[in-house]
Amino acid sequence: MKNKEKQDRTEYFKELDELNSRQHTPEELREIHKILKKYGDRIPLQARYPDLPLILSTIVMFVSIVVLLLTR
């Protein structure tokens, strides 16, 4: 059991070092997030999905236009 805890701790700190070493792509951040999530630590949603606000805004805009056109 102690060996498993030590292995988990080294993996956690290895991922933290990797996270702080350089700029990462969103795909890399999602992978690191999956590993860190096991330990209760997370990477913010905006860092993992930087285009999400743009995509959601575009979808809402199109839905709003369709609703406006249908209600006229």
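It should be emphasised that the depicted structure is a prediction, and the values quoted were computed from it without experimental measurement. (Residues numbered from 1 in each chain as written. Predicted model: local features only at pLDDT ≥ 70, side-chain atom pairs only at ≥ 80, totals over all residues. Heavy atoms only, no water.)

K.L.:
Can you break down the side chain of Arg 48 residue by residue, with the values?
P.N.:
Within the secondary structure, Arg 48 sits in helix H3 (residues 45-48). Excluding residues within four positions of it along the chain, Arg 48 makes contact with Pro 26, Leu 29, Arg 30, His 33 and Ile 43. (Helix = DSSP H or I, 4+ residues; strand = E, 2+ residues; numbered from the N terminus. Contact = heavy atoms within 4.5 Å.)

K.L.:
Describe the nonpolar core, naming the residues involved and giving the relevant values.
P.N.:
With six residues, the main nonpolar core is built from Tyr 12, Leu 16, Leu 29, Ile 32, Leu 36 and Ile 43. Those elements giving two or more residues to this core turn out to be helix H1 (2-21) and helix H2 (26-37). Among the elements that line this core, the one with the most residues is H2, at three residues. If we skip the residues at most four places from it in the chain, Ile 43 touches Leu 19, Leu 29, Ile 32, His 33, Leu 36 and Arg 48. (Core = buried A, V, L, I, M, F, W, Y, C linked by side-chain atoms within 4.5 Å. Buried < 20%, exposed > 50% of the residue type's maximum accessible area, 1.4 Å probe, protein only.)

K.L.:
Can you explain the pattern of salt bridges? Please cite residues and give values.
P.N.:
Two side chains bearing opposite charge may form a pair once their charged atoms approach each other closely. With the rule as written, the count across this model stands at two salt bridges. Of the charged contacts, one joins Glu 27 and Arg 30 as a salt bridge, the two residues approaching to 3.5 Å between their closest N and O atoms. Placement of both Glu 27 and Arg 30 in helix H2 is noted, with a separation of three residues, approximately one turn of the helix. Of the charged contacts in the structure, one is a salt bridge between Glu 31 and Lys 34, with a shortest N-O distance of 3.7 Å. On the criterion of helical spacing, the pair formed by Glu 31 and Lys 34 is a turn pair, its members being three residues apart in helix H2. (Salt bridge = Lys/Arg side-chain N within 4 Å of Asp/Glu carboxyl O.)

K.L.:
For the environment of Leu 19, give the residues involved together with the corresponding values.
P.N.:
The residue Leu 19 is located in helix H1 in this model. You can call Leu 19 partly exposed: its relative accessible area is 22%. Expressed as a C-alpha distance, the spacing of Leu 19 and Ile 32, which sit 13 residues apart in the sequence, is 7.4 Å. Excluding residues that lie within four positions of it along the chain, Leu 19 makes contacts with His 24, Leu 29, Ile 32, Leu 36 and Ile 43.

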